[in-house]
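Topology and contacts: notes
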Amino acid sequence: MKNEERNRSIEELIEEMDLHKEAPEEEPFRQYYFIKKARAYYQELSRQEGRPLTYCVTTFGCQMNARDSEKLSGILEEIGYVEEAEETKADFVIFNTCTVRENANQKVYGRLGQLGHIKKSKPHMMIAICGCMMQEAEEVETIRKSYRHVDLIFGTHNIFKFAELFTQALQSHKLVVDVWKDTDRIVEDLPVDRKYLFKSGVNIMFGCNNFCSYCIVPYVRGRERSRNPEDIIKEIRQLVADGVVEVMLLGQNVNSYGKTLESPISFAELLRQIEQIEGLKRIRFMTSHPKDLSDELIEVMSQSPKICRHLHLPVQAGSTRILKEMNRRYTKEDYLALVNRLKEKMPDLSLTTDIMVGFPGETEEDFEETLDVVRKVRYDSAFTFIYSKRSGTPAAKMDNQVPEDVVKERFQRLLKEVQTISAEVCKEQAGTTQEVLVEEINDHMDGYVTGRLSNNLLVHFPGDESMIGQLVKVSLKESKGFYYMGELVH
Ligand code: 5AD
Ligand code: SF4
């Protein structure tokens, strides 16, 4: 989806670039220069094919990647490419990868193999891979050796350079690889192509300094860097002017936002400032690390009419001993006490979480502690994961890995517990009337739309396209376990 208003000034700046001169050194102008240069290549290729060329960005992993993909799409649209939903039909395919668990990597290789066959009959096709998986040297090596049909590889730290690297790949007809180990840079003001007109993710920080012992993210996303509050506010103001009513503030650990800025500010203070933006109706954020969630934040949340009544608070495990081994820096008791403080101030707060089973050394007793937390907190929903060994992390070197059959059995028990409880929690809201942001036409039921409640659950109710992007009141008629059927209240 193109966003004429917001991109207009960028558009003008791109037009002003003089391709007879050397590329400017300063960002983002350097990228504007390469966008214009890529346009010339695009036009020639498109003329040869006798039609507009298409692109497909395939995103694996988290919301952070989804936002990065919108930036890649923004640049491709500026160059002239047209979006194509099916990657097998597109002229340019880019995989934005995730490496948080092993199966994410396998999926990429499967899809990449498939594209290899297609490219044989479509030689002008180009394939790029970026994202977290490309920050691992051995994965880049595998692609170099076994997936020779790939044209461009880059990592998480230099995604802002996409226009430049893409131009290089168009020019050279050889594999271009550019992966940085780390960065302290944040480049602002590149084009973005939002998936939704009325809501948007907004990065507030990048990277992670927590080094949970199982997690590869700090190695592939680098050290924590916060954006300046003025840049964040400016971006949100522009989004609102553009029709956005809901923002999702994104960071691996939003609660430590601002600590490394020249003039440090807290996440709670940032929220206070964002709250003031007129026209903005809803604020969400993720992810919160329990160890950094301050009373100041609880206060700001509970006072705010705009901050949604939803908190994603990954617990990972219930056993204090395992939490210590995970380097999470809170105990089971700390976590439960935090949940109590939150619920005291906001009884209607919806809590969701991430839980892992099968961390090295996890005993039946440890696992029971996880179930105990699930029963005590009563999450609205939980993402459950089987521990995946990531090479380079401290946990990968732990020798007491849990046997697969034990892990699978625990995983099933956890899933059952989580599902039973979330269905019960969902039921509690049935019969109430709530404010809902209408998000899309329902694909499965004619004449229905789907909207999102403040607590992040979905409701399907009769409606039409004209309602998309609007906040409306909906009566929740029936709970279906993890969503509702409802009716518009006039
Ligand atoms: N194995 C399984 N799950 C993991 N996560 C992070 N690293 C791993 C791993 N090695 C999960 C955590 C995190 C979520 C984004 O992914 O639960 O919160
Ligand atoms: Fe990984 Fe822990 Fe950082 Fe989350 S907080 S990204 S789990 S290291």
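Residues numbered from 1 in each chain as written. Chains lettered and ligands numbered in written order. Predicted model: local features only at pLDDT ≥ 70, side-chain atom pairs only at ≥ 80, totals over all residues. Heavy atoms only, no water.

Across all of its chains, the model carries 19 aromatic pairs by this definition. Here Phe60 and Phe95 contribute two aromatic rings whose centre-to-centre distance is 5.8 Å and whose plane-to-plane angle is 85°, an arrangement assigned as edge-to-face. Residue Phe60 is found in the loop between strand S1 (54-59) and helix H3 (63-79), and its partner Phe95 is found in strand S3 (residues 92-97); the two are separated by 35 residues along the sequence. For Phe95, a relative accessible area of 0% translates into the label buried. Taken together, Tyr42, Tyr81, Phe92, Phe154, Phe162 and Phe166 form an aromatic cluster joined through their ring pairs. (Phe/Tyr/Trp six-rings, centres within 6.5 Å; stacked < 30°, edge-to-face > 60°. Helix = DSSP H or I, 4+ residues; strand = E, 2+ residues; numbered from the N terminus. Buried < 20%, exposed > 50% of the residue type's maximum accessible area, 1.4 Å probe, protein only.)

Our next topic: the sheet that holds strand S16 (residues 448-453). Strands sit in the order S15-S16-S17-S19-S18 around a closed barrel of five strands; the barrel is mixed. Averaged over all pairs of adjacent strands, the angle between their axes in this sheet comes to 50°, without regard to strand direction. By the bridge criterion, five bridges tie S16 to strand S17 (residues 458-462) in an arrangement that is antiparallel. Note on S17: the bridge partner recorded for Tyr448 is Pro462. (Pairing = 2+ DSSP bridges. Axes fitted to C-alpha atoms, helices over the stretch in contact; angles between N-to-C directions.)

The assigned domain composition of the protein chain is domain 1 (8-176), domain 2 (195-295), domain 3 (308-427) and domain 4 (430-486). The gap between the C-alpha centroids of domain 3 and domain 4 is 29 Å. Opposite the nine residues of domain 3 that make contact, domain 4 presents ten residues. Between domain 3 and domain 4, a total of about 710 Å² is buried, with carbon and sulfur atoms accounting for 52% of that surface. Three residues, His310, Cys426 and Lys427, lead the burial of domain 3 against domain 4; their summed loss comes to 58% of the area buried on that side. The interface formed by domain 3 and domain 4 includes zero salt bridges. Element by element, the count of residues in the side of domain 3 that touches domain 4 is highest for helix H14 (residues 404-428), at four residues. Split into classes, the residues belonging to the side of domain 3 that touches domain 4 amount to three nonpolar, three polar and three charged. (Domains from an automatic or database assignment. Contact = heavy atoms within 4.5 Å. Buried area = accessible area lost by both parts, 1.4 Å probe. Salt bridge = Lys/Arg side-chain N within 4 Å of Asp/Glu carboxyl O. Nonpolar A, V, L, I, M, F, W, Y, C, P; charged D, E, K, R; others polar.)

For the rest of this paragraph, the subject is the site of ligand 1. Around ligand 1 sit Val100, Arg101, Tyr214, Gln316, Asp354, Met356, Phe385, Ile386, Tyr387, Ser388 and Arg390, and those are all the residues in its vicinity. A distance of 2.6 Å is found between an oxygen atom of ligand 1 and a side-chain nitrogen or oxygen belonging to Gln316. Within the side chain of Asp354, one N or O atom sits 2.6 Å away from an oxygen atom of ligand 1. Its free accessible area being 400 Å², ligand 1 has 85% of it covered by the protein chains. At the level of elements, strand S13 (350-357) and strand S14 (381-386) are the ones that each hand at least two residues to the shell around ligand 1. Grouping the amino acids of the shell around ligand 1 by side-chain chemistry returns six nonpolar, two polar and three charged. (Near = heavy atom within 4 Å. Polar contact = N/O pair within 3.5 Å; in protein donor to acceptor, adjacent residues only side chain to side chain. Areas by Shrake-Rupley, 256 points an atom, 1.4 Å probe, with all protein chains shown as cover.)

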